[in-house]
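Structure assessment
Letter by letter, the chains look like this.
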Amino acid sequence: MEPVFRSLEIAARLAVRATGTRITFGGLENLPAKGGAVVAINHTSYVDFLPAGLAATERGRRLRFMIKAEMDQVKVVHYLIRHTGTIPVDRRAGAGAYAVAVEALRRGELVGVYPEATISRSFELKDFKTGAARMALEAGVPIVPLIVWGAHRIWTKDHPKALGRKNIPVTVQIGAPIVPTGTVAQLDESLRAGMSSLLTRAQRDYPAPAGAHWVPRRLGGTAPTLQEAKRLDEAELAERARKRAEREAKSSR
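Residues numbered from 1 in each chain as written. Predicted model: local features only at pLDDT ≥ 70, side-chain atom pairs only at ≥ 80, totals over all residues. Heavy atoms only, no water.

As recorded in an unreviewed UniProt entry, the protein goes by the name 1-acyl-sn-glycerol-3-phosphate acyltransferase, listed as coming from Mycobacterium syngnathidarum.

Laid out in structure tokens, this is it:
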């Protein structure tokens, strides 16, 4: 029994009920009922971990997420990381987190990974990092593609949060497990194909008002294109680097 994790599960369900969020799950049977698996999730929102985690609870499982190590500096998050099996990742030195994740997979855990690494401002799939494929191959466990759609309407980059009782529908689509065979590149390609198919399915059955900021450009919305989003990401990274250099310069005085 994990009391902290259990408390989080209860809090998550209460939050969903309080906000009127309607989560629809498709393909739950594709999440293994036991044994390790890499769960590869698309990343469009600051809260897409919640419906993905609830999908695991629907199968009687718990999802151990890999999150950026900076979050460990927040006292409450630090406590939760230590008591929920969350794996902090230092993006500048991720080997330690990678080894921890592989060990968790070998123990039979479900490990949640965002192959895109950062939130997609276009709400399309960005280029993938290869960590999910490499972990699956090394641990000898399948990759399960999982798409969350609709959570970006609640809280995403560059837009105000839509908190409160908004009754926003959220879809979770889970694809068939992908057997870890072939090269890293081949497995990564299979993962991308699986996630692309699921994303298309989720979007097809979801309302897409013309001109809405949360609707991808190709579906008639005003979200940035992949190319525009990439430029915004690069500008954000440059600004972060500038601020980090300023802090380091001040601390060295």
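**Quick word on the pattern of salt bridges**
A pair can form between side chains of opposite charge whenever their charged atoms are brought close. Going through the model one piece at a time under the given rule, you end up with 14 salt bridges. Residue D158 pairs with R121 through a salt bridge whose shortest N-O separation is 2.6 Å. A residue pair is termed long-range when its members are at least 10 positions apart, and D158 in the loop between strand 6 (143-149) and strand 7 (169-174) and R121 in the loop between strand 5 (110-113) and helix 5 (131-139) qualify at 37 residues. With relative accessibility at 55%, the residue D158 sits in the exposed group. Through salt bridges that share partners, R121, K126, K157, D158, D233, E236 and R240 make up one connected network. (Salt bridge = Lys/Arg side-chain N within 4 Å of Asp/Glu carboxyl O. Helix = DSSP H or I, 4+ residues; strand = E, 2+ residues; numbered from the N terminus. Buried < 20%, exposed > 50% of the residue type's maximum accessible area, 1.4 Å probe, protein only.)

**Quick word on the layout of surface pockets**
Counted as a void, the second largest pocket has a volume near 280 Å³. Contributing to the lining of the second largest pocket are 17 residues, with T19, T21, V47, L50 and I154 lying nearest its centre. When contributions to the lining of the second largest pocket are tallied by element, the ones reaching two or more residues are helix 1 (3-19) and helix 2 (49-58). A total of three residues in the lining of the second largest pocket trace back to one element, the largest contributor, which is helix 1. Taken together, the residues that form the lining of the second largest pocket break down as 13 nonpolar, three polar and one charged. (1 Å grid on protein atoms, 1.4 Å probe; cavity = no way out; pocket = protein on both sides within 12 Å on 5 of 7 lines; lining within 4 Å. Points joined across faces, edges and corners; volume = space filled by probe spheres on them. Nonpolar A, V, L, I, M, F, W, Y, C, P; charged D, E, K, R; others polar.)

**Focus on the packing of helix 4 (residues 95-106) against helix 5**
Close contact between helix 4 and helix 5 brings their axes to 9 Å; oriented N to C, the two are set at 50°. Taken together, the axes of helix 4 and helix 5 lie oblique to each other. The handedness of the crossing between helix 4 and helix 5 is right-handed. In this structure, helix 4 contributes Y98, A101, V102, L105 and R106 to the contact, and helix 5 contributes G131, R134, M135, E138 and A139. By residue class, the composition of the contact of helix 4 with helix 5 is six nonpolar, one polar and three charged. (Axes fitted to C-alpha atoms, helices over the stretch in contact; angles between N-to-C directions. Parallel < 35°, antiparallel > 145°, perpendicular 65-115°, else oblique. Left-handed = near helix turned anticlockwise from the far one by under 90°. Contact = heavy atoms within 4.5 Å.)

**Topic: the environment of T118**
Here T118 is to be found in the loop between strand 5 and helix 5. Only 2.5 Å separates the side chain of T118 from the side chain of K126, close enough to count as a polar contact. (Polar contact = N/O pair within 3.5 Å; in protein donor to acceptor, adjacent residues only side chain to side chain.)

**Brief notes about the packing of helix 1 against helix 2**
A pair of packed helices is captured by two measures, namely the crossing angle of their axes and the spacing between those axes. Contact pair helix 1 / helix 2: the axes reach a minimum separation of 11 Å and the direction vectors enclose 115°. In terms of crossing hand, the pair formed by helix 1 and helix 2 is left-handed. Residue-level inspection shows E9, A12, R13 and V16 of helix 1 in contact with helix 2, the latter providing L50, L54, T57 and E58. In terms of residue class, the contact of helix 1 with helix 2 is made up of four nonpolar, one polar and three charged.

**Let's talk about the packing of aromatic side chains**
Throughout the structure, instances matching the rule amount to four aromatic pairs. Seen from their ring centres, Y46 and W155 are 5.0 Å apart, and the 50° between their planes marks the pair as tilted. Remark: W155 occurs in the loop between strand 6 and strand 7 and Y46 occurs in the loop between strand 2 (37-41) and helix 2; sequence separation between them is 109 residues. Here Y46 falls in the partly exposed class, since its relative accessible area comes to 38%. Between the aromatic rings of Y206 and W214, the centroid separation amounts to 5.8 Å while the plane-to-plane angle is 85°, which identifies the pairing as edge-to-face. With respect to burial, Y206 and W214 carry one shared label: buried. In textbook terms, an aromatic cluster arises when at least three aromatic residues are bridged by ring pairs, as seen for F49, F65 and Y114. One Lys or Arg, R153, reaches over the ring of W214 and ends 4.3 Å from the middle of that ring. The ring of W155 has K161 lying over it, and the distance from NZ or CZ to the ring centre is 5.0 Å. (Phe/Tyr/Trp six-rings, centres within 6.5 Å; stacked < 30°, edge-to-face > 60°. Lys NZ or Arg CZ within 6 Å of the ring centre and 35° of its normal.)

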